[in-house]
Amino acid sequence: MATGRTHRPATRSRGIPEATVARLPLYLRALTALSERSVPTVSSEELAAAAGVNSAKLRKDFSYLGSYGTRGVGYDVEYLVYQISRELGLTQDWPVVIVGIGNLGAALANYGGFASRGFRVAALIDADPAMAGKPVAGIAVQHTDELEHIIESDGVSIGVIATPAGAAQQVCDRLVAAGVTSILNFAPTVLTVPDGVDVRKVDLSIELQILAFHEQRKAGEEAGPDSGAPAPAARAAAAAAAGDRKGPDGDMPAVMPA
């Protein structure tokens, strides 16, 4: 089985748009579920609904793969699973190192979906000497002093950063200097990397804030423009503008906590 350091996915060389690449895992997840139910074929409409996209976009995406389906029959599920897996580089082994084994890092280490999708957790790294040697998900945690040696010996090209924000850039720099060219960043900070290094950021707090925005908007729509009752945010702003610092529980702080 090939390793991640000697092979790169074919998506860029074939000119597949980034937006299409971002949707391929959605199609693969839906197709895998169909395959597990022994469904032999699927129409573009059915697959698009399962993946949460429209069927025209799906057909356009699949045209980049050279897969057009059969009129009246649809797409062969098993072949599409293989085709998309190959395009995403999941038909080969990708050693991954996770740096920062706190609650989040430990949860990632215990995630069972890595192995089934072509990713092998090669090492768990933490800066706390007390963590060294402790097993997490059946893997002994190693100290950050070993990072460069591990990357070289295991052929790691994908690094996962789950450290506090203050340590993330330094960890990123060490990963890149040691040869890692793809980074999945869970730290709540923006990383600076050189050309040729890909970073994907997962920020749970930002996603929650976006959801809060939509919840607030829905609440405003339900109240309606003629309800006569301002939304909670509007009431708070009006009270602040009027210098009102009193509330049912006494004095309110001049600046509400973020």
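Conventions adopted
- Residues numbered from 1 in each chain as written.
- Predicted model: local features only at pLDDT ≥ 70, side-chain atom pairs only at ≥ 80, totals over all residues.
- Heavy atoms only, no water.
- Helix = DSSP H or I, 4+ residues; strand = E, 2+ residues; numbered from the N terminus.
- Buried < 20%, exposed > 50% of the residue type's maximum accessible area, 1.4 Å probe, protein only.
- Contact = heavy atoms within 4.5 Å.
- Areas by Shrake-Rupley, 256 points an atom, 1.4 Å probe, with all protein chains shown as cover.
- Core = buried A, V, L, I, M, F, W, Y, C linked by side-chain atoms within 4.5 Å.
- Pairing = 2+ DSSP bridges.
- Axes fitted to C-alpha atoms, helices over the stretch in contact; angles between N-to-C directions.
- Expected span 1.5 Å × (residues − 1).
- Arc of directions from axis to C-beta.

Peer 1: How should the overall build of the chain be read in this particular structure?
Peer 2: Check the secondary structure of the chain and you find ten helices and eleven strands. Considering the chain as a whole, with its 258 residues, one finds that 34% of them fall into the buried category. Look at the contacts in the chain between residues 6 or more apart in sequence, and 57% of them connect residues 24 or more apart. Entry remark: accessible area of the chain is about 15200 Å², with carbon and sulfur atoms responsible for 57%.

Peer 1: How should I be thinking about the nonpolar core in this particular structure?
Peer 2: One recurring pattern in soluble globular proteins is that nonpolar side chains are buried together. Of all hydrophobic cores here, the largest spans 23 residues; its most connected members are Tyr27, Leu31, Val42, Leu47, Leu58, Phe62 and Ile84. Those elements that provide at least two residues to this core are helix H1 (18-36), helix H2 (44-51), helix H3 (55-64) and helix H4 (77-87). When sequence neighbours within four positions are dropped, the list of residues in contact with Phe62 reads Tyr27, Leu47, Ser67, Tyr75, Leu80 and Ile84.

Peer 1: Explain the sheet that holds strand S9 (residues 198-201) to me, please; I cannot follow it from the model alone.
Peer 2: Paired through their backbone hydrogen bonds, the strands of a sheet run either parallel or antiparallel. The strand order S5-S6-S4-S3-S7-S8-S9 describes an open sheet built from seven strands, whose pairing is mixed. The sheet is open, and its two edges are formed by strand S5 (135-136) and S9, each paired on a single side. Examined bridge by bridge, S5 and strand S6 (residues 139-143) share two bridges and lie antiparallel to one another. Each bridged residue has a counterpart across the sheet, and for Pro135 the counterpart in S6 is Ala140. Strands in contact with helix H7 (residues 147-154) are strand S3 (94-99), strand S4 (119-126) and S6; relative to S4, the strand with the most contacts, it is inclined by about 165°. Helix H8 (residues 165-177) contacts S3, strand S7 (158-161) and strand S8 (182-185) of the sheet and is inclined by roughly 170° relative to S7.

Peer 1: Please clarify how the environment of Ile16 should be interpreted in this entry.
Peer 2: Tracing the backbone shows Ile16 in the segment before H1. Under the relative-accessibility criterion, Ile16 is labelled buried at 7%. Sequence-wise, Ile16 and Phe62 are 46 residues apart; in three dimensions their C-alpha atoms are separated by 10.0 Å.

Peer 1: Looking at this model, I keep getting lost on H8. Mind explaining?
Peer 2: Count 3.6 residues to each turn of an α-helix, and residues three or four apart come out pointing the same way. When the terminal C-alpha atoms of H8 are compared, their 19 Å separation across 13 residues agrees well with the 18 Å that a helix rising 1.5 Å per residue should span. Within H8, the full set of buried residues consists of Ala168, Val171, Cys172 and Leu175. End-on view of H8: buried residues confined to an arc of 110°, all on one side of the axis. Away from its buried face, by an angle of more than 90 degrees, H8 presents the exposed residues Gly166, Gln170 and Ala177. On its buried face, H8 sits against S3, H7, S7 and S8. Where H8 ends, the next residue or the one after it, Gly179, has phi of about 115°, a positive value.

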